[in-house]
Amino acid sequence: MPRYCLALDLQADETLIREYEAYHQQVWPEILDSITGSGITQMEIYRISNRLFMIMETTETFSFEAKSAADSASEKVQEWENLMWKYQQAIP
């Protein structure tokens, strides 16, 4: 199975980080469906300070392009992504 590793930074604000983690304790069902439906079979996320590191295992047919297209077409995924961007910052 292919494995991908991704990283992103959260805003360096402990209150925002706690809010972000609270959302991820009860991820919306549509988001979980979009993850498994895209071919992601296993996902682990680790945090050190404000840096997140995600390890994904996928099926052989998984495609970032196909996942992105499906996510773009989903109003609920777009709502989640817009909400989560409040807590994230781009890695330089």
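Check the entry above for the structure.
Residues numbered from 1 in each chain as written. Predicted model: local features only at pLDDT ≥ 70, side-chain atom pairs only at ≥ 80, totals over all residues. Heavy atoms only, no water.

Q: So what exactly am I meant to see when it comes to the overall build of the protein here?
A: Within the protein, the regular secondary structure consists of 4 helices and 4 strands. For the protein, the α and β elements follow one another from N to C terminus as β-α-α-β-β-α-α-β. Against the compact-globule benchmark of 12 Å for 92 residues, the protein has a radius of gyration of 13 Å, which places it among compact chains. With the C-alpha coordinates of the protein rotated into their principal frame, the extents come out at 35 × 25 × 25 Å. Relative to its full complement of 92 residues, the protein shows a buried share of 29%. Partitioning the intrachain contacts of the protein with sequence separation of at least 6 by distance along the chain shows that 72% fall at a separation of at least 24. Only carbon and sulfur atoms are counted for the fraction: they give 53% of the accessible area of the protein, which is about 6,200 Å². The average position of the 7 basic charges and that of the 15 acidic charges among the side chains of the protein differ by 6 Å. (Helix = DSSP H or I, 4+ residues; strand = E, 2+ residues; numbered from the N terminus. Rg over C-alpha atoms; globule rule 2.2 N^0.38 Å. Buried < 20%, exposed > 50% of the residue type's maximum accessible area, 1.4 Å probe, protein only. Contact = heavy atoms within 4.5 Å. Areas by Shrake-Rupley, 256 points an atom, 1.4 Å probe, with all protein chains shown as cover. Lys, Arg positive; Asp, Glu negative; His and termini not counted. Charge placed at Lys NZ, Arg CZ, Asp CG, Glu CD.)

Q: Any chance you could explain the pattern of salt bridges here in plain terms?
A: Two side chains carrying opposite charge are able to pair once their charged atoms lie near each other. Within the structure shown, the criterion is met by 6 salt bridges. The shortest N-O distance in the salt bridge between E21 and R47 comes to 2.6 Å. Of the two residues, E21 sits in helix 1 (residues 14-25) while R47 sits in strand 2 (residues 40-48), which places them 26 residues apart along the sequence. Overall, E21 belongs to the partly exposed group, its relative accessible area being 31%. (Salt bridge = Lys/Arg side-chain N within 4 Å of Asp/Glu carboxyl O.)

Q: Which parts of the structure should I look at to understand the sheet that holds strand 2?
A: By definition, the strands of a sheet pair up through backbone hydrogen bonds, in either a parallel or an antiparallel sense. Read across the open sheet, the 4 strands follow the order 2-3-1-4; overall the sheet is antiparallel. A single partner strand is all that each edge strand has here, and the edge strands are strand 2 and strand 4 (88-89). Alignment of strand 1 (residues 3-10) against strand 4, held across 2 bridges, turns out to be antiparallel. Residue pairing across strands places L10 opposite Q88, the latter belonging to strand 4. (Pairing = 2+ DSSP bridges.)

Q: Help me understand the environment of Y4, please; the structure alone is not making it clear to me.
A: Within the secondary structure, Y4 is located in strand 1. Judged by relative accessible area, Y4 falls into the partly exposed class, the value being 27%. Once you skip the residues sitting within four places of it in the chain, Y4 turns out to touch M54, I55, M56, T58, F62 and F64.

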